[in-house]
Amino acid sequence: LAMAANPRKFSEKIALHNQKQAEETAAFDEVMKDLSLTRALHFKAQQLQLAQSRSNFYGGSLPNVNQIINAPLEFHAAFYS
Amino acid sequence: LAMAANPRKFSEKIALHNQKQAEETAAFDEVMKDLSLTRALHFKAQQLQLAQSRSNFYGGSLPNVNQIINAPLEFHAAFYS
Amino acid sequence: PSPQGVAEEATRKREMRLLKNREAARECRRKKKEYVKCLENRVAVLENQNKTLIEELKALKDLYCRKAD
Amino acid sequence: PSPQGVAEEATRKREMRLLKNREAARECRRKKKEYVKCLENRVAVLENQNKTLIEELKALKDLYCRKAD
DNA sequence: AATGGCTGACGTCAGCCCAA
DNA sequence: TTGGGCTGACGTCAGCCATT
């Protein structure tokens, strides 16, 4: 074969793992790249749901910042967009 | 904190990795489990598309077996169901 | 205590420490080897899961795009 | 060749082998350490990708189920 | 502060495996 | 086939740190 799946030298093991990681990262990026369109639709749905959910707090106290900074990134994007 | 993210003892590292792997495998199985329904719809769509595609060959020659055995498994399931 | 007994005691103390550290080193190397194998196995598992997830995402994406027509 | 020179030559040969193997052992340990760090980093990367893919699949599934209504 | 348990790093020996 | 490069495993020293 051109290359053994389990080499003996550590250098070859590192090179092999870096190669696999590069391929997987490329495939991962390509799949997640075409998902921006779906993300846009998902954003709209979440934005509507959030607006409806947070409408009860209008006129009340300020939102808890300590909870916001620990929330997923979608919420940050919904605030800073 | 209750547990450090990077312990010194190898036993704790192994236990931590096993715990994470168990959680990830559980989440993975749960996501792939609920996808059988989507798979069924996918099957129906492909089955309809295949029936419509092969309707032109009705009364013609037999299908190429050598192409079928190299096709994805979905096609085999469509034949042997 | 005679100086002879003190010297022998120190020697035994040292040998005991060396013996304990010897066995401890063996167990430590064993655990390290097991940890590395654990890492490699975890990498393989995650690799398969990611491949399956990517294929599933592709299939679901195609299915969604065809439903839009 | 005198027996004295032969013995000295053998001694130098041995010392040279020990020296080479010494440096080789250092480099080997360094490479092994780098390999383990490579494995841990790879595990972390695959972990994040796995998590992202699962969340993406969930979102896409929900989006597909809502389109069915 | 002091002790003992684990681990990092070193040098050495033995062995594998591939290019001379 | 065989010498030399790498690596597995060992014992030893030094150091960290949770436990006492």
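Residues numbered from 1 in each chain as written. Chains lettered and ligands numbered in written order. Predicted model: local features only at pLDDT ≥ 70, side-chain atom pairs only at ≥ 80, totals over all residues. Heavy atoms only, no water.

Draft legend 1. Structural context of the relation of the copies chain D and chain C. Overlay of chain D on chain C (RMSD 0.1 Å): rotation 180°, translation along the axis 0.0 Å. With respect to symmetry, the two chain copies, as superposed, fit the operation of a two-fold axis. Mapped onto chain C, 100% of the interface residues of chain D are again interface residues, and the two copies thus contact each other with one and the same surface. (Least-squares fit on C-alpha atoms with pLDDT ≥ 70 in both. Contact = heavy atoms within 4.5 Å.)

Draft legend 2. Fine view of the protein's contact with DNA strand E. Around DNA strand E there are 14 residues in total, and B:F10, D:R14, D:R22, D:R26 and D:K33 lie nearest to it. The sugar-phosphate portion of DNA strand E accounts for 66% of its atoms within 4 Å of the protein, the bases making up the rest. Contact distances for DNA strand E include 3.3 Å between a base nitrogen and a side-chain N or O atom of A:R8. Interatomic distance of 2.7 Å between a backbone N/O atom of B:F10 and a phosphate oxygen of DNA strand E. Secondary structure elements with two or more residues in the surface near DNA strand E: helix 1 (3–68) of chain C together with helix 1 (3–68) of chain D. When residues of the surface near DNA strand E are assigned to their parent elements, the largest contribution, eight residues, is made by helix 1 of chain D. Residue composition of the surface near DNA strand E, by class: four nonpolar, two polar and eight charged. (Near = heavy atom within 4 Å. Polar contact = N/O pair within 3.5 Å; in protein donor to acceptor, adjacent residues only side chain to side chain. Helix = DSSP H or I, 4+ residues; strand = E, 2+ residues; numbered from the N terminus. Nonpolar A, V, L, I, M, F, W, Y, C, P; charged D, E, K, R; others polar.)

Draft legend 3. Spotlight on the interface of chain D and chain C. Taken together, the contact pairs 19 residues of chain D with 19 residues of chain C. The largest contributions to the chain D side of the interface with chain C come from D:L53, D:L57 and D:Y64, which together make up 29% of the buried area. Our count for the contact surface shared by chain D and chain C stands at two salt bridges. We note a salt bridge from D:E47 to C:R42, for which the minimum N-O separation is 3.3 Å. Counting across the interface, chain D meets chain C through six residue pairs in polar contact (both at pLDDT 80 or more). By residue class, the composition of the side of chain D that touches chain C is eleven nonpolar, two polar and six charged. (Buried area = accessible area lost by both parts, 1.4 Å probe. Salt bridge = Lys/Arg side-chain N within 4 Å of Asp/Glu carboxyl O.)

Draft legend 4. Looking closely at the nonpolar core. Formed by 16 residues in total, the largest nonpolar core has its most connected members in C:Y35, C:L39, C:V43, D:Y35, D:L39 and D:V43. Listed in part, the 14 residues of the second largest apolar core include A:F28, B:V31, C:I54 and D:L53. (Core = buried A, V, L, I, M, F, W, Y, C linked by side-chain atoms within 4.5 Å. Buried < 20%, exposed > 50% of the residue type's maximum accessible area, 1.4 Å probe, protein only.)

Draft legend 5. Seen up close, the confidence of the model for chain C. Confidence in the prediction of chain C, expressed as mean pLDDT, is 89, and 91% of residues score 70 or more. Interface scoring of the predicted complex returns ipTM 0.83; its pTM is 0.77. (pLDDT = per-residue confidence, 0-100.)

Draft legend 6. Quick peek at the interface of chain D and chain A. Residue-level contacts link 19 residues of chain D with 17 residues of chain A. For the pair chain D and chain A, the two sides together bury roughly 1,800 Å², of which 66% comes from carbon and sulfur. At the boundary of chain D and chain A, one finds one salt bridge. Of the charged contacts, one joins D:R42 and A:E24 as a salt bridge, the two residues approaching to 3.0 Å between their closest N and O atoms. Seen at the junction of chain D and chain A, the total is three residue pairs in polar contact (both at pLDDT 80 or more). Across the side of chain D that touches chain A, the residue classes break down as ten nonpolar, three polar and six charged.

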